Amino acid sequence: MRNFSLFVVFLIGVTSGLLTLFVSSVAANPLPIPAKVDSISILDSLVNRNKVSNNTAAIRYAGKALIYAENHGTLQGLIRAYMLMGEAFKKNYKDSSFIYYSKALKLSYSGYEKERSNIFLNLALIYKSALDMNKAFQYIDSSITFAQKTKNSRVMSDAYNILGNIKKSIQDKDARAMYDSAFNIAQRYSLYKQMGNALGNLAKFDTNVRESIKKHKEALGYLQKSQGSEEEMAQILINIGFRYPRPDSALFYFTRALELAKLGKFPETEVGAYNNMAYSYMDMGNLAMAEICVQNAIPIAELDINHDWLSTLYDTYADILNTKGEYKRAVQLQKKAMSERVAGDKKQSAGQVRLLAALLDTKNKEMLIQNKENELLLQRNRLQTTRFWLVLAVILIIAVSFVFYWFQQRSRMKLKNEEVNSAKRLIEMEESEKGRIARELHDITGQLIMGITGEIENLDIPASKVKEEIKEKIKVLGKSIRQISHRMNRAMLEHFTFEELMNGQCEDIQKLTGIPIFLTLPENQVDLSREVVSHLHRIVQELLTNAGKYAKDGEVYIVFSNEPNGIKLSYSDTGPGFDTEKTELKGMGLLNIFERTKLLGGTAKMKSSPGNGTSWDVFIPLAKN
């Protein structure tokens, strides 16, 4: 592992050397900039203007700023130049971006705390790209701390916005609170761009379409007050278009987003607007315009070398052709979409490998500082060739592991879906059969009771009191049978509460079998869905049916208890029990208990041994249901 780390250090060293050569080449081919002004400030503006639309030019401007700072600038100017290099490389070369931001951070410890909050924030974004959320949270926390210390409200609001994005990506319920904090800070200091970004994020949480659109439009109003917010405004317009159910209304906002994206030269946003416009035209039945939108977007994505968007655009084009009935061309485009998706995954994987190597390099440097320089050089020279093949092997292993994991997950999900569907079919068949039996019991009970009562009435029984007692017992029997039929019929279950179902079921079995049944229900019953009530009713029914067969001379204890995340059913009897290792559990009743529990996302555990009775522990998580 140590050798591999040293190799990564060597690899990053080579990368840094190449980048230095690239930056140095800018001096030989300088871009025109105004002469009698603060060069770094002008170059800062040029980098931010071109980092999205022309990233190559942005990198060259940043290189020019670095050369100027190294030759003529102050320490603060050098920090700004390193930050510019990090900003320029951030879009396509996050590993290089990390290197320059790390250099800026190291210099900032010489007394430049104000720049440090911004550096921490950008390093957090890089660690987020590397999926190292712990480090990302640490750097955001440091960014907020230094922003508060230096009263940098803009960075503080941006930090809470980014924190909300990270929490939302991992489905953390605190995401909304982070966006609220970002908005409140921005509102306090009249930071319109930050206010618009935070409000746009908050609007995504509104399930009410009208309220969501209202918030998006309010966010748009704030962004219009801030220069350089065209990209954010275009994205807000696209989000508004998504919310409108009518395609003509949605098309209006997508078109406005497209105009802004063209004006600001934001190729990715421009492609997104075209793609959404294509679907709006499809919904309106205007396939010709939909096709034109996609045809306009594809060259932009190709020029930007954006494989992900190319894949999406080819899929959209295939949808249009399928609608037109041109199935052969649609299949060809779907193949191109798949090819672009693979290319995009490869590009992303390569970037991730480079970034992870850069992050690992930083950790290694902290360890290698403790070693002597001559020992480090000897180790590097000795292991150069080995490191190269190790990196190559790691990349191959990662690729193979990813493919294997993907196939494994796909098979696992397929098997799980089949199991759930089988369980549903099995239980549906059982419910249908019980419903049929319940209806037949109900239908024939009345006729039988009337017939038997009439026969008894015609019998010559001297003692009239005995005759009345027999007739009364027959009526009670008929009533009990009808109650049992009601509890067997799924359609009738909705007319009973959970407590009525459990008590009635225990009373029925106790009357029929004579087994003492002790039922305990929680004092404060949680609100259970009809599905949970139905399945718990059937589970208890199966348990009591088995008790009637095998524990006739014993006692039955049923306890329902509220748990922090669900409801627990504990069953035990004092029956003869059985050897679970020797007895095959193939009975339909036992199988139904396990299947019903699985459908509710719960667990069922059975324990039994000869002479010790049988017990069950069934847990149903209510959050999932």
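What counts, and where the lines are drawn
- Residues numbered from 1 in each chain as written.
- Predicted model: local features only at pLDDT ≥ 70, side-chain atom pairs only at ≥ 80, totals over all residues.
- Heavy atoms only, no water.
- Helix = DSSP H or I, 4+ residues; strand = E, 2+ residues; numbered from the N terminus.
- Buried < 20%, exposed > 50% of the residue type's maximum accessible area, 1.4 Å probe, protein only.
- Salt bridge = Lys/Arg side-chain N within 4 Å of Asp/Glu carboxyl O.
- Axes fitted to C-alpha atoms, helices over the stretch in contact; angles between N-to-C directions.
- Parallel < 35°, antiparallel > 145°, perpendicular 65-115°, else oblique.
- Left-handed = near helix turned anticlockwise from the far one by under 90°.
- Contact = heavy atoms within 4.5 Å.
- Pairing = 2+ DSSP bridges.
- Polar contact = N/O pair within 3.5 Å; in protein donor to acceptor, adjacent residues only side chain to side chain.
- Nonpolar A, V, L, I, M, F, W, Y, C, P; charged D, E, K, R; others polar.
- Core = buried A, V, L, I, M, F, W, Y, C linked by side-chain atoms within 4.5 Å.
- pLDDT = per-residue confidence, 0-100.
- Phe/Tyr/Trp six-rings, centres within 6.5 Å; stacked < 30°, edge-to-face > 60°.

Trainee: I tried to follow unusual backbone geometry on my own but got confused; where do I start?
Mentor: Working note: non-glycine residues mostly have negative phi, and peptide bonds are mostly trans. Although it is not a glycine, K151 adopts a positive phi angle of roughly 60 degrees. Mapped onto the elements of the fold, K151 is located in the loop between α7 (133-150) and α8 (153-169). By relative accessible area, K151 is classed as exposed at 75%. One non-glycine residue with positive phi stands out, namely I305, at about 50 degrees. Looking at the element boundaries, I305 is found in the loop between α15 (287-303) and α16 (307-324). Residue classification places I305 among the partly exposed residues on the basis of a relative accessible area of 48%.

Trainee: Can you walk me through the side chain of E291 in this structure?
Mentor: If you trace the backbone, E291 turns up in helix α15. A residue is classified by how much of its surface remains accessible, and E291, at 10% relative accessible area, is buried.

Trainee: What exactly am I supposed to notice about the pattern of salt bridges here?
Mentor: Side chains that differ in charge, positive against negative, can pair when their charged atoms come close. Evaluation of the coordinates by the stated rule reveals 13 salt bridges. Between E232 and K193 there is a salt bridge, with the nearest N and O atoms lying 3.7 Å from each other. Of the two residues, E232 is situated in helix α12 (residues 230-243) and K193 in helix α10 (residues 192-203); the sequence distance between them amounts to 39 residues. By relative accessible area, which is 21% here, E232 ends up partly exposed.

Trainee: Is there a simple way to explain the packing of helix α6 (residues 113-129) against α8 in this structure?
Mentor: Geometrically, a packed helix pair is captured by the angle between its two axes and the distance between the axes. Between α6 and α8, the least distance of the axes is 10 Å, while the angle of their chain directions is 15 degrees. Judged on the interaxial angle alone, α8 and α6 are roughly parallel. In this structure, α6 crosses over α8, and the sense of that crossing is left-handed. Counting all contacts with α6, which are made through S117, N118, L121, L125 and K128, the residues of α8 involved are R154, V155, D158, A159, I162 and I166.

Trainee: How should I be thinking about the pairing of strand β3 (residues 566-573) in this particular structure?
Mentor: Pairing of strand β2 (residues 556-563) with β3 involves eight bridges; the strand directions are antiparallel. When the bridges of β3 are listed, S561 appears paired with K568. What sits between β2 and β3 in their antiparallel hairpin is a turn of two residues. Pairing of β3 with strand β5 (residues 614-621) involves seven bridges; the strand directions are antiparallel. Bridging from a neighbouring strand, G566 pairs with P621 of β5.

Trainee: What am I meant to see in the sheet that holds β3 here?
Mentor: Through backbone hydrogen bonds, the strands of a sheet pair up, either in parallel or in antiparallel fashion. Pairing is mixed in the open sheet, where five strands are placed in the order β1-β2-β3-β5-β4. The strands lining the two open edges of the sheet, one partner per strand, are β1 (517-520) and β4 (603-608). The average undirected angle you get between the axes of adjacent strands in this sheet is 10 degrees. Along the sheet, helix α21 (residues 498-513) contacts β1 and β2; its crossing angle with β1, the most-contacted strand, is approximately 170 degrees.

Trainee: I keep staring at the side chain of E87 and nothing clicks. Help me out?
Mentor: Checked against the element boundaries, E87 lands in helix α4 (residues 75-89). You can call E87 buried: its relative accessible area is 14%. Within the local environment of E87, its side chain forms a polar contact with the side chain of K90, the two groups lying 3.2 Å apart. Among the polar contacts made by the side chain of E87, one reaches the side chain of Y101 at a distance of 2.9 Å. Residues in contact with E87, not counting those within four places in the same chain, are N48, K51, Y101 and N122.

Trainee: Any chance you could explain the packing of helix α2 (residues 39-50) against α4 here in plain terms?
Mentor: Across the interface, α2 lies against α4 with an axial gap of 10 Å and an inter-helix angle of 10 degrees. Compared by their axis directions, α2 and α4 come out roughly parallel. Where α2 approaches α4, its residues I40, S41, L43, D44, V47 and N48 are matched on the opposing element by G77, R80, L84, E87 and A88. Per-class residue counts for the contact of α2 with α4 are five nonpolar, three polar and three charged.

Trainee: Explain the nonpolar core to me, please; I cannot follow it from the model alone.
Mentor: In a soluble, globular protein the nonpolar side chains are often hidden away together inside. Core analysis: the largest hydrophobic core is formed by 106 residues, its most contacted members being F98, I119, L123, I140, Y160 and M277. Per element, the largest residue contribution to this core is nine residues, and it comes from α4. Not counting residues up to four positions away in its chain, the partners in contact with M277 are L251, F254, T255, L258 and C293. Core analysis: the next-biggest nonpolar cluster, separate from the first, contains 31 residues, I509, I593, V618 and I620 among them.

Trainee: Please explain the confidence of the model for the protein as it appears in this structure.
Mentor: As a general rule, the predicted coordinates of low-pLDDT regions are not to be interpreted in detail. Here the protein averages 81 in pLDDT, and 78% of its residues register 70 or above. Confidence over residues 1-37 falls short of pLDDT 50; this stretch has 58 contacts with residues more than four positions distant or in other chains.

Trainee: Would you mind going over the environment of R210 with me for this structure?
Mentor: Mapping R210 onto the fold places it in helix α11 (residues 209-224). For the pair formed by R210 and Y244, sequence separation is 34 residues and the distance between their alpha carbons is 9.0 Å.

Trainee: What is the right way to read the packing of aromatic side chains from this model?
Mentor: The geometry of an aromatic ring pair is captured by two quantities: the separation of the ring centres and the angle between the planes. This model, assessed by the stated rule, comprises 18 aromatic pairs. Ring centres 5.9 Å apart and planes at 75 degrees place the aromatic pair F242 and F254 in the edge-to-face group. Here F254 lies in helix α13 (residues 247-264) and F242 lies in helix α12, a separation of twelve residues in the sequence. Given the relative accessible area of 54%, F242 is considered exposed. Looking at F254, the relative accessible area reads 3%, which means it is buried. Taken together, a centroid distance of 5.1 Å and an interplanar angle of 85 degrees make the contact between F498 and F560 edge-to-face. Placement of F498 in helix α21 and of F560 in strand β2 is noted, with a sequence separation of 62 residues between them.

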